[in-house]
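# An overview of the molecular structure
One-letter residues, chain by chain:
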Amino acid sequence: MKFALLLVFVALGCRAVSSDESASVLSDGPTDGARIIIVSDTEGFDESLMARIDDGSLTLRSGRTPRLDFGGGFSSSYFLFAGDLPGRGPKGLWLRDLMLEFKAAYPDRVRLLAGNHDFGRLGVLRDLDQHPSLQDLALLNRDFEISGPRDAVETALADYVVKWFADYGLTPALEKHNIELNGLVGREVSQPAAALDFFEQIRPGGKTFEYLRLLEEVVAIGKVIAVHGGLTEQNFL
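Now for a description of the structure that goes with this document. (Residues numbered from 1 in each chain as written. Predicted model: local features only at pLDDT ≥ 70, side-chain atom pairs only at ≥ 80, totals over all residues. Heavy atoms only, no water.)

### Digging into the packing of aromatic side chains
A complete count under the given rule lists seven aromatic pairs for this structure. With 5.3 Å between their ring centres and 85 degrees between their planes, Trp164 and Phe165 make a pair best called edge-to-face. In this pair, the class of Trp164 matches that of Phe165, namely buried. Pairing Phe165 with Phe198 gives two aromatic rings, centres 4.8 Å apart and planes at 80 degrees, and the pair type is edge-to-face. Within this pair, whereas Phe165 is found in helix α6 (residues 150-167), its partner Phe198 is found in helix α8 (residues 191-202), the two being separated by 33 residues in sequence. Taken together, the ring pairs in this structure connect Phe70, Phe79, Phe102 and Tyr106 into an aromatic cluster. In this arrangement the basic side chain of Lys91 is found over the ring face of Trp94, its NZ or CZ atom lying 5.5 Å from the centre. Over the ring of Phe70 we find Arg109; its NZ or CZ atom is 4.3 Å from the centre of that ring. (Phe/Tyr/Trp six-rings, centres within 6.5 Å; stacked < 30°, edge-to-face > 60°. Buried < 20%, exposed > 50% of the residue type's maximum accessible area, 1.4 Å probe, protein only. Helix = DSSP H or I, 4+ residues; strand = E, 2+ residues; numbered from the N terminus. Lys NZ or Arg CZ within 6 Å of the ring centre and 35° of its normal.)

### Regarding unusual backbone geometry
The backbone of Glu43 shows a phi angle near 50 degrees, a positive value even though the residue is not glycine. Mapped onto the elements of the fold, Glu43 is located in the loop between β4 (36-39) and α1 (47-54). Not every positive phi belongs to a glycine, and Asp84 is a case in point at roughly 65 degrees. Within the secondary structure, Asp84 is located in the loop between β7 (78-81) and α2 (92-105).

### Regarding the packing of α6 against α8
Their axes nearest at 8 Å, the elements α6 and α8 cross at an angle of 85 degrees. When the axis of α6 is compared with that of α8, the two are roughly perpendicular. Residues Glu154, Leu157, Ala158, Val161, Val162 and Phe165 of α6 pack against Gln191, Pro192, Ala195, Leu196, Phe198 and Phe199 of α8. (Axes fitted to C-alpha atoms, helices over the stretch in contact; angles between N-to-C directions. Parallel < 35°, antiparallel > 145°, perpendicular 65-115°, else oblique. Contact = heavy atoms within 4.5 Å.)

### Quick word on the packing of α2 against helix α7 (residues 171-185)
Their axes nearest at 8 Å, the elements α2 and α7 cross at an angle of 70 degrees. Judged by the angle between their axes, α2 and α7 are roughly perpendicular. In this structure, α2 contributes Gly92, Leu93 and Trp94 to the contact, and α7 contributes His177, Glu180 and Leu184. Residues belonging to the contact of α2 with α7 are distributed by class as follows: three nonpolar, two polar and one charged. (Nonpolar A, V, L, I, M, F, W, Y, C, P; charged D, E, K, R; others polar.)

The values reported here are purely geometric and, on their own, carry no functional implication.
Here's what the structure looks like:
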């Protein structure tokens, strides 16, 4: 049984929505007939999102760049992704790109809530100063871009990222990132190359960093206020 991670406050009441129940539709939007479509805690898997597509709340437009949209009967609705997009699942990059595109298309009606797993990934930047070889090289600028001999820095960075995932018990998540990356580029990518790609995505200017910039700590839509449990000083950078 998972602990409830998403608290949804409706009017003066409060109810907790567990990770297992976090794909739902609330009829508490800011205008009559407006509903709030909720997806939460995907952790790299697409089942809860696909449930909203299967019931018609959302549609997925296929093509070279898949895009989410509101279903036919939900044209005035709101979408809340309630946190914890990445994890041990094999579709973290795909889900991230869908959310970025959806938010860009509907900036006011698509709301993205911060989760502990989302900001936990920033720890790979936070902990850089604890890596002796990178301290010695001192060849990353303030945006974590390589500004010295690329081969030496990339080797040290890849070793550091692999160790960081292992230290936090997250090696399966890096393995899934590697597998998903293989599919995206159409060839087998080495573990060091996948580790470097993760670093490039999470540093300022990367797509994962841009996704994190859009996240809100508290989301208010109509009568609903949503927060995601588990955010601490340790995982919120």
